[in-house]
Amino acid sequence: MALRTPPEVLLRQYIRYGKYTASQYGSTYQPSRSQCASSASKNYKAAVCTKLGQPLVIKEFPYPTELKSNEVLIATHAMGVNFADILISKGLYQDRRKTPFISGSELSGKVVEVGSDVGDLKNGDRVIFLSFAGSSAGASEFCVVDRKTVINIPTTLNLVTAAATIVSYGTAMMALTYKAKLKKHEKVLVTAATGATGLAAVDIAKNLFDCQVIAVCGGEEKCQFLKSRGADYTIDYSVDRIRDKVKEITQGGGVDVVMDQVGGETLLDCVKSLAFEGRAITVGYSSGNIPNVPANLLLLKSATLMGVYWGSYAQANPGVFGQSIAQVLKAVAEQKLQPYVGRTFPLEQINEAYQYVLDRKSTGKVVVTLRDEESPTPL
């Protein structure tokens, strides 16, 4: 079995945890604390944002000395670089944090210790964990996190690829299945398709729904890469206008679903490329331009334009949030989806990793590594 436990079971505690603490103990409940049994004496390193808009700084912190009953101490092996992490460190994201904070939100590693109320994890377990606002986790050699944010890794994933999976694939899965209600054999247009989330959308649309996928990117090399990853057609935005090329490919029929991360004129072109009753999903604005979409474009085709901010569902609708992760983990465990890591950087080069993504040099996910796969779990 690729997963020791079905994803929906693994996520059950994660989905219900907020209701559990609020309903059973009330808003004033504070978990008990216990001393860490581990005897590590040296400090550990982490990448810290000390001032918004400035390079991250590698700093040392003392090894954790205690855990709350609901917490897990994890030795971090890898961190997936998300565009949101970069924007947060620059103070340009809707999630504005006070400095100093440890950068990063999507991590993988091995369990070191668990709090007294955590009975389903043990030393050495391979896990993915997510860091939200207010968490001290991130690009750090050790992280203390709430049990509800920890998910077991399918055996089909190594720790580096695991850190590249949940955010991009969870976003694409939610956008395409929950919001767009994607159906088999539909025509799907994906912008920024060589990025982590775009590539995840191509993977899901093609390999789970057998859709006709039109992928948008910049440059012939990236076009060829996307075809190798399953895209039926590619559009090089540096050569062709999206709307004209879609019209040519679909013989004037348009596409059923759009997933756009660019915004600006690109999103407008995508909306104009929709078929009758088409659905467009906006998940980001990497161009830095948030467009004003004329409502008549939607009215004329009875089309729909929807937004997806995946991370917000963790609090606003944890059931749907957990479902998107479970769908991804199930498909990955069954090897129907193949997350792709384009490049890795060591922790000391995290600023270079962020710039690499900003410069649009990446294909797939960029990952910061902190430990080797086979590094022993600290005791």
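Up top you'll find the structure we're talking about.
Residues numbered from 1 in each chain as written. Predicted model: local features only at pLDDT ≥ 70, side-chain atom pairs only at ≥ 80, totals over all residues. Heavy atoms only, no water.

**Some points on the overall build of the chain**
Move 1: Scanning the chain for helices and strands turns up 13 helices and 18 strands.
Move 2: For the chain, buried positions account for 53% of its 379 residues.
Move 3: By sequence separation, contacts in the chain at least 24 residues apart represent 73% of the contacts at least 6 residues apart. (Helix = DSSP H or I, 4+ residues; strand = E, 2+ residues; numbered from the N terminus. Buried < 20%, exposed > 50% of the residue type's maximum accessible area, 1.4 Å probe, protein only. Contact = heavy atoms within 4.5 Å.)

**Considering the pattern of salt bridges**
Move 1: Tallied over the full model, the rule gives eleven salt bridges.
Move 2: Residue Arg126 pairs with Glu373 through a salt bridge whose shortest N-O separation is 3.6 Å. Residue Arg126 is located in strand E8 (residues 126–130), and its partner Glu373 is located in the segment after strand E18 (365–369); the two are separated by 247 residues in the primary sequence.
Move 3: Judged by its relative accessible area of 22%, Arg126 falls in the partly exposed class. (Salt bridge = Lys/Arg side-chain N within 4 Å of Asp/Glu carboxyl O.)

**Overview of the sheet that holds strand E11 (residues 187–190)**
Paired through their backbone hydrogen bonds, the strands of a sheet run either parallel or antiparallel.
Move 1: In space, the six strands of this open sheet follow the order E13-E12-E11-E14-E15-E16, with parallel pairing throughout. Taken across any chain shown, the strands that pair with only one partner, and hence form the sheet edges, are strand E13 (233–236) and strand E16 (304–307). Strand-to-strand, the axes of this sheet are offset by a mean angle of 15°, without reference to chain direction.
Move 2: Looking at chain direction, E11 and strand E14 (residues 255–260) are connected through three bridges and run parallel. Counted as the bridge partner of Val188 is Val257 from E14.
Move 3: Strands E14, strand E15 (274–282) and E16 of the sheet are contacted by helix H5 (residues 166–179), whose axis makes an angle of about 150° with E14. (Pairing = 2+ DSSP bridges. Axes fitted to C-alpha atoms, helices over the stretch in contact; angles between N-to-C directions.)

**Things to note about the sheet that holds strand E3 (residues 57–61)**
Move 1: The strand order across the open sheet built from three strands is E3-E2-E6, with neighbouring strands paired in antiparallel fashion. Each of the sheet's edge strands pairs with one partner strand only, and the pair in question is E3 and strand E6 (101–102).
Move 2: Across two bridges, strand E2 (residues 44–49) lies against E6 in antiparallel orientation. Across the sheet, the residue bridging to Cys49 is Phe101, located in E6.

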